[in-house]
Amino acid sequence: MNMSGAFAESFADARPVAQHCTELTWRGPRPEERAETISAWCRDLGNELSQELAQLFSGGKLKAVLSEPEMLPGKDVFDRIGPIAVNSLLRCGDSDQTMLLSLDLATAIALTDASFGGTGALPDEVPAQLPRSAAMLAEQCAAMIAQSIVTTNGSSPQVNSDVLVLSENAARLKPFSAEAQVAVFTLNVQMGAETEWKFLLAVGNDRLDGLLPGEAGGAMPMARPHLPSDGTSGAFAELPMPVEAVLSEFEVTLGRLDSLSPGDEIPLAIAGELPLRMGEKVLAHGALGTLENRMALRVTRLAHSPRPGTASPSPEFSA
């Protein structure tokens, strides 16, 4: 069928105007291109961390090597980490890009020893509770790793990178579902000839491309409006965070723990203000009471804010 005259000319005029949306025309990298990008990213991140983490230790230069990813179901990742470890949920960008960092308690103790000038050897025995100094150093390492991830993928220095929350149980951080396919990296950090530490980095395979540099990483280019990253709006606003109100804390010897049995009674000393925590981080303090026949916590002050005068509770709240 031939078209001629004004009808054909109208189609000729319209042809250059026709466009397709990015979502339909964008193809992403081929598997071999993606594998090469991941390998280069592992190498560059290892080099970056060799320099950054060395600032925390006085034992000389570090050598950090990031392994190629191993693909595992989320449940297997949680099983590998175990029920108790030093786990951090890292924010690695302005969107909802997060990554799980995990290290065992023995490694956290060894890192602390090295930061004070020790050999950094893994201890033969690990305490039931991680010392505060070790927890603080682990959080500092996590913040450096988050920043290095952002730096390595070519993001600007203004892009957010920090530790969102810490927990001894990785599953509580909800970094990915138990059924998801997860890319698991092993970070080997070596100090000297004999000292070596291992970290685990894990991210859902569907989010891995967002960590890689440039369009070669495979993230589909999309125009997104700028949203404030204050937690009240944007991609992180709906991210569930486990929060706990701590009624009482106390120390028990290892011998006492070993002899616990049903029927034992443990006295509790309840403070006037209870800490409201997200992992190991105290967010606020509050007074215990009741609200509509249920236990409730009335927030009296935020963390690190000065103690105010006694505030009047709402009529429904009873201390």
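Everything in this summary refers to the structure shown in the same document. Note that the coordinates shown come from a computational prediction; the quantities given were computed from them, not determined experimentally.

## Description of the overall build of the protein
Okay, so step 1: Looking only at helices and strands, one finds eight helices and twelve strands in the protein.
Okay, so step 2: Taken over 319 residues, the protein has a buried fraction of 35%.
Okay, so step 3: As presented, the protein carries roughly 19300 Å² of accessible surface, and 53% of it is formed by carbon and sulfur atoms.

## Re helix α4 (residues 74-81)
Okay, so step 1: Within α4, burial applies to G74, V77, F78 and I81. Buried residues along α4 cover an arc of 95° about the axis, so they all sit on one side.
Okay, so step 2: Residues of α4 that are buried sit in contact with β2 (70-73), β3 (86-92), β4 (98-103), β6 (181-191) and β7 (195-204).
Okay, so step 3: Once α4 ends, the next one or two residues include G82, with phi positive near 90°.

## Considering the side chain of S50
Okay, so step 1: Mapped onto the fold, S50 is located in helix α3 (residues 31-52).
Okay, so step 2: Only 2.8 Å separates the side chain of S50 from the backbone oxygen of G46, close enough to count as a polar contact.
Okay, so step 3: Leave out the neighbours within four places in its chain, and S50 touches L62, K63 and A64.

## A short note on a nonpolar patch on the surface
Okay, so step 1: A cluster of nonpolar side chains, contributed by L247, F250, V252, L254, L257, L260, I266, L268, I270, L288 and M295, occupies part of the molecular surface with about 1000 Å² of accessible area.
Okay, so step 2: Tracing the sequence through the fold places L268 in the loop between α8 (254-258) and β9 (274-278).

## Concerning the packing of aromatic side chains
Okay, so step 1: Across all of its chains, the model carries three aromatic pairs by this definition.
Okay, so step 2: Ring geometry for F57 against W197: centres 5.2 Å apart, planes inclined by 40°, an arrangement best described as tilted. Placement of F57 in the loop between α3 and β1 (62-66) and of W197 in strand β7 is noted, with a sequence separation of 140 residues between them.
Okay, so step 3: We classify W197 as buried; its relative accessible area is 1%.

## What to know about the pattern of salt bridges
Okay, so step 1: If you walk through the whole model with that rule in mind, you get seven salt bridges.
Okay, so step 2: Residue R43 is joined to D44 by a salt bridge in which the shortest nitrogen-to-oxygen separation is 3.4 Å.
Okay, so step 3: For the salt bridge of R172 with E244, the shortest nitrogen-to-oxygen distance reads 3.6 Å. Here E244 lies in strand β8 (residues 244-245) and R172 lies in the loop between β5 (161-167) and β6, a separation of 72 residues in the sequence.
Okay, so step 4: Its relative accessible area of 30% is what places E244 among the partly exposed residues.

## A closer look at the pairing of strand β11 (residues 294-302)
Okay, so step 1: Note that strand β10 (residues 281-291) and β11 share eight bridges and pair antiparallel. By the bridge assignment, A287 is partnered in β11 with R298.
Okay, so step 2: Taking the residues between adjacent antiparallel strands as the criterion, β10 and β11 are bridged by two residues, where E292 takes a positive phi near 55°.

## A closer look at the environment of G192
Okay, so step 1: The topology assignment puts G192 in the loop between β6 and β7.
Okay, so step 2: Through-space distance from the C-alpha of G192 to that of K63 is 8.7 Å; in sequence the pair is 129 residues apart.

## Points about the pairing of β6
If a strand is regular, its side chains alternate between the two faces of the sheet.
Okay, so step 1: Buried residues dominate β6, accounting for eight of its eleven residues.
Okay, so step 2: When β1 meets β6, the two strands line up antiparallel, connected through five bridges. Bridged to L66 within β6 is L187.
Okay, so step 3: With four bridges connecting them, β2 and β6 associate as antiparallel partners. Within β6, the position partnered with L72 by the bridge is V182.
Okay, so step 4: Sheet analysis places β6 next to β7, joined by ten bridges and oriented antiparallel.

Cut-offs used in this document
Position numbers for residues start from 1 in each chain and track the written sequence from start to end. In keeping with the predicted nature of the model, local features appear solely for residues at pLDDT of at least 70, side-chain atom pairs appear and are counted solely at 80 or more, and the whole-chain, interface and lining totals rest on all residues. Calculated side-chain values reflect all of the structure's heavy atoms, with hydrogen atoms and water omitted. Secondary structure elements follow DSSP: runs of H or I of four or more residues count as helices, runs of E of two or more count as strands, with numbering from the N terminus. To sort residues, take the accessible area from a 1.4 Å probe on protein chains only and compare it with the maximum for the residue type: under 20% means buried, over 50% means exposed, and anything in between is partly exposed. Using the Shrake-Rupley algorithm and a 1.4 Å probe, accessible areas are obtained, with residue cover drawn only from the displayed protein chains. Relevant arc is that of directions from the helix axis to the C-beta atoms, nothing else. In what follows, a contact means two residues having at least one pair of non-hydrogen atoms within 4.5 Å. For this analysis, a polar contact is any N or O atom pair within 3.5 Å, provided that within protein one partner can donate a hydrogen and the other can accept it, and provided that sequence-adjacent residues contribute only side-chain to side-chain pairs. Only residues above 30% relative accessible area that lack a salt bridge enter a patch, with like-charged residues linked at up to 9 Å and the nonpolar side chains Val, Leu, Ile, Met, Phe, Trp and Tyr linked at up to 5 Å. Every case where a carboxyl oxygen of Asp or Glu lies within 4 Å of a side-chain nitrogen of Lys or Arg is listed as a salt bridge. Centres within 6.5 Å are what make two rings of Phe, Tyr or Trp a pair, Trp counting through its six-membered ring; a difference in plane orientation under 30 degrees is then read as stacked, over 60 as edge-to-face, and the rest as tilted. Strands pair, by our definition, only if DSSP identifies at least two bridges between them.

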